[in-house]
Amino acid sequence: MSKRIITLLLAAVMLACCASLTACRKKEEVKTPTEAAQRYDSLQDIKEELDFDIKVPKGIDVEAYQIYKKNTLQVVFDGGYIRKKLASKYIGGKIEGAEVKKETIGDKEIRFYYKDDKVYLASWIEGQYAYCIGFHLGVEKDAALQYIAEIE
């Protein structure tokens, strides 16, 4: 009788663990901003499609070049993404629970999305293009600014 109880308890614990892992995986999938994106082999291929390209900061290990939502160039890297779009409005979306602060740095007005004193998203407009850079785990503001300075 006690073997049956122990077996049932072990089975219940295993099911709970499996359910927990599945829920975590689903949350990770939601965080990835590439679900509606079409993958390309190179920036040149995207330039032919969109008629513009992007300068990616040094030190970023690009995982994918994509066109996101039909008109936005997206570069996916380990830990985040960069987007560029022909637009006069800010792009990038919203970060749940984040505090948005607008700051003018040089000639750019940048919207920083802070959570726990880290930047999770920065969005700005330069010329006829809107840009954003998102960080899945957040970064210090100085690190975000270094990336922003190199993006064109």
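The text that follows walks through the structure, step by step, so that each part is easy to find. (Residues numbered from 1 in each chain as written. Predicted model: local features only at pLDDT ≥ 70, side-chain atom pairs only at ≥ 80, totals over all residues. Heavy atoms only, no water.)

Within the secondary structure, Gln-74 sits in strand 3 (residues 72-77). Its relative accessible area of 0% is what places Gln-74 among the buried residues. At a separation of 2.6 Å, a polar atom in the side chain of Gln-74 contacts the side chain of Gln-66. Among the polar contacts made by the side chain of Gln-74, one reaches the side chain of Arg-83 at a distance of 2.6 Å. (Helix = DSSP H or I, 4+ residues; strand = E, 2+ residues; numbered from the N terminus. Buried < 20%, exposed > 50% of the residue type's maximum accessible area, 1.4 Å probe, protein only. Polar contact = N/O pair within 3.5 Å; in protein donor to acceptor, adjacent residues only side chain to side chain.)

Considering all chains together, one arrives at two salt bridges under this definition. A salt bridge links Glu-103 to Lys-141; the shortest N-O distance between them is 2.3 Å. Of this pair, Glu-103 sits in strand 5 (residues 99-105) while Lys-141 is found in helix 3 (residues 141-150), placing the two residues 38 residues apart along the sequence. Overall, the relative accessible area of 26% leaves Lys-141 in the partly exposed class. Among the salt bridges present, the one from Glu-126 reaches Lys-108, with a minimum N-O distance of 3.5 Å. Taken together, the residues Glu-126 in strand 7 (residues 118-126) and Lys-108 in strand 6 (residues 108-115) connect sequence positions 18 residues apart. (Salt bridge = Lys/Arg side-chain N within 4 Å of Asp/Glu carboxyl O.)

The strand order across the open sheet built from eight strands is 1-2-3-4-8-7-6-5, with neighbouring strands paired in antiparallel fashion. Because the sheet does not close on itself, it has two edges, and the strands there are strand 1 (37-40) and strand 5. Sheet twist, expressed as the average angle between the axes of neighbouring strands with direction ignored, equals 20°. Note: strand 7 against strand 8 (residues 129-139), seven bridges, orientation antiparallel. Within strand 8, the residue paired with Ile-125 across the bridge is Ala-130. Against the sheet, helix 2 (residues 43-50) contacts strand 1, strand 2 (62-68) and strand 3, and its axis sits at roughly 10° relative to strand 2. Lying on the sheet, helix 3 is in contact with strand 5, strand 6, strand 7 and strand 8; it crosses strand 6 at an angle near 140°. (Pairing = 2+ DSSP bridges. Axes fitted to C-alpha atoms, helices over the stretch in contact; angles between N-to-C directions. Contact = heavy atoms within 4.5 Å.)

A few words now on the side chain of Arg-83. Mapped onto the elements of the fold, Arg-83 is located in strand 4 (residues 80-86). Taking the relative accessible area as the measure of exposure, Arg-83 reaches 7% and is therefore buried.

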